[in-house]
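# Understanding the architecture of this molecule
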Amino acid sequence: MTYKVLIFMKVIVLTATMLLFTNSVFAETIKEVERIIRTEMPYPRDDRYTIPAILPDSKSTDKKNQLYLKIANALEGKGLIKLITQGSVTKIQPVENTYDIVHQNLDQKYVLQSVSIILGVFRMKAISMHTQGDKTIVSGERLLMNKTSACDILLKLLPEGEVKDYSPSPVQWIIQRRNGQVNVTEKTQ
Amino acid sequence: MKHTDMVLSRYYSRFAIVVMVGCLYSLVASEIIFYLFKGGFYTKMNNHKSTPNGADEMKIYRESFSVQKGKRFRILAIGGSTTYGVGVNTAFTWPHMLQEKLDSNFPEKYEVINLGIKGGHIEEFIQNYYASLTEFISKEDWDNSLLNGTFKIPHADWGWKDLNPDLIIIATTITDMMNDFISERNRTAVFAQYLHHMLERTWFCQNMALCFYMKKELATIDFNSRTNPLDESRKLDLIQKDYMSHFEQFINLWRKDIPIYLVGFPVLFNASDGNNDVEKAARYWNIQDKSNLYKNVALLPKFVAIGQKVAYTIATKYNYHYEELGEEIRTLPFNDRLEYYVDSVHMNSKGTIILAEQIYDYLVDNKFK
């Protein structure tokens, strides 16, 4: 009798293990999804805000230009850039040895086109996932690590709508597979 | 023969003679102007303000240095923007890090001079050998300035030859190759620029300039146009030939007893990378305009291959040591490779540290003590 019970228990344990094993092999785990997002987006990556090197008109009422000027003035106050005003045009002049915060985008003639202000490094964390047809929808968060000294200045000056793109925020990734290719799109919430 | 036909035939024969004489004149005159522009005579006939080691003369270099050689073993780091340190703070340029590493192990023994120029190219290096430039001139402007700009290029009264090095490290550059592909020149605009400058000159100079332009145009047509995007393999061949001849010309300037170490640096894109990787890079750096990245993914691996071929050929011919540095970065998966670059060409401090260490290892292994 005891022998039969033991065999029965053994069968149950084996079946359960096999079920668990096959599930872990064939089902897409959150870790795998995370790996796909990291590869495709990619993560970790710099959190950069780009300003054109020449701001056309300081008196213009264009909101974007006004915002760039505000940011440029704040960065000049921190000693990260220099501003040169020529008539109504303001030119951004980078300061030597600030590359870890202000990246200079040069063209093929090495003329400064824009500067990218590095706020920190974006990392990601997937929290939950579900499938919807051929799409896998992953919810998670984007973390901002290694913040630079320009981070707080920028996040204070950016309008509410833009802040989420440059700050830690909940994110949704949509993974879609077509013809053996993976396409990932990212939405900040 | 009718009268009109006779007039026409006379007209054509005269026209042919004028063209032939014109061509002959242009060829001879342009050869003379070439000679004048190629350095020797030109540099001798100009007197320039002499302020050795002055701040004005150092504009194109990342760190200042003394032209006068001291007791230390002098190493010249010659190269383009990666050597100059585009994308990194001064402390993280590879020549600076090499100097620090040498100083910590062999105090007061070595001196590394960073002669890297952003957008540096071999023709410019040749000019710098005779007289160091004091202002950055892009390759495109350099090409366009052959007629007029050369006289305006400000340079110092010392050249790289006066630095008396004990070892020269030359990094292969890609600017030499890039220009023809990346920025298609507007020939009409260039000619208009020439004419503008010619008006300020004497009759002789104006004619010389015109002949030089004509020769350049004829040569361009003969080469089946270097700006024709369809003829890529031919263009690459021409670029390789040009690069090889300039490189050899530069190497031959130096005394034969000075050892030369040739190095090649990796770029972001490998030949197997494609448009998907461009999208990743654009996301990684938050770049909206991806056009340059698309050009780079298609062309950079080809330019690097040319650089490697040329450096290998020269190293074999002259018995120099040549090494492709950063091989471990080159072989990484694309995402991991991205972490070493600030753009598709230039490395960040994480990458330049590796370059500096590998060069240091070479110096120690080869007993440059």
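Residues numbered from 1 in each chain as written. Chains lettered and ligands numbered in written order. Predicted model: local features only at pLDDT ≥ 70, side-chain atom pairs only at ≥ 80, totals over all residues. Heavy atoms only, no water.

## What to know about the sheet that holds strand 2 (residues 54–55) of chain A
The strands making up a sheet associate through backbone hydrogen bonding, with each pair oriented either parallel or antiparallel. Strand order across the open sheet formed by three strands is 2-4-3 (chain A), with antiparallel pairing between neighbours. Every other strand in the sheet has two partners, leaving strand 2 and strand 3 (81–86) of chain A as the edge strands with one partner each. (Pairing = 2+ DSSP bridges. Helix = DSSP H or I, 4+ residues; strand = E, 2+ residues; numbered from the N terminus.)

## A closer look at the packing of aromatic side chains
Residue and element names in this part refer to chain B. Throughout the structure, instances matching the rule amount to 21 aromatic pairs over all chains. A centroid spacing of 6.3 Å and a plane angle of 75° characterise the contact between Trp160 and Phe250, whose relative ring orientation is edge-to-face. Taken together, the residues span a long stretch of sequence, with Trp160 in the loop between helix 6 (139–144) and strand 3 (167–171) and Phe250 in helix 10 (residues 232–253) at a distance of 90 residues. Accessibility assignment for this pair places Trp160 and Phe250 in one class, buried. On the basis of an interplanar angle of 85° and a centroid distance of 5.5 Å, the ring pair of Tyr243 and Phe247 is categorised as edge-to-face. Of the two residues, Tyr243 and Phe247 are both situated in helix 10; the distance of four residues between them amounts to about one turn of the helix. (Phe/Tyr/Trp six-rings, centres within 6.5 Å; stacked < 30°, edge-to-face > 60°. Buried < 20%, exposed > 50% of the residue type's maximum accessible area, 1.4 Å probe, protein only.)

## Considering the sheet that holds strand 3 of chain B
Residues and elements named next belong to chain B. One open sheet accounts for five strands, arranged 2-1-3-4-5; its pairing is parallel. Taken across any chain shown, the strands that pair with only one partner, and hence form the sheet edges, are strand 2 (110–114) and strand 5 (321–324). The sheet shows a mean angle of 20° between the axes of neighbouring strands, direction not considered. Relative to strand 2, strand 1 (residues 73–78) runs parallel, the two being bridged by five bridges. Bridge pairing in strand 2 places Phe73 opposite Tyr110. Along the sheet face, helix 15 (residues 349–365) touches strand 1, strand 3, strand 4 (260–264) and strand 5 and points at about 155° away from the line of strand 4. (Axes fitted to C-alpha atoms, helices over the stretch in contact; angles between N-to-C directions. Contact = heavy atoms within 4.5 Å.)

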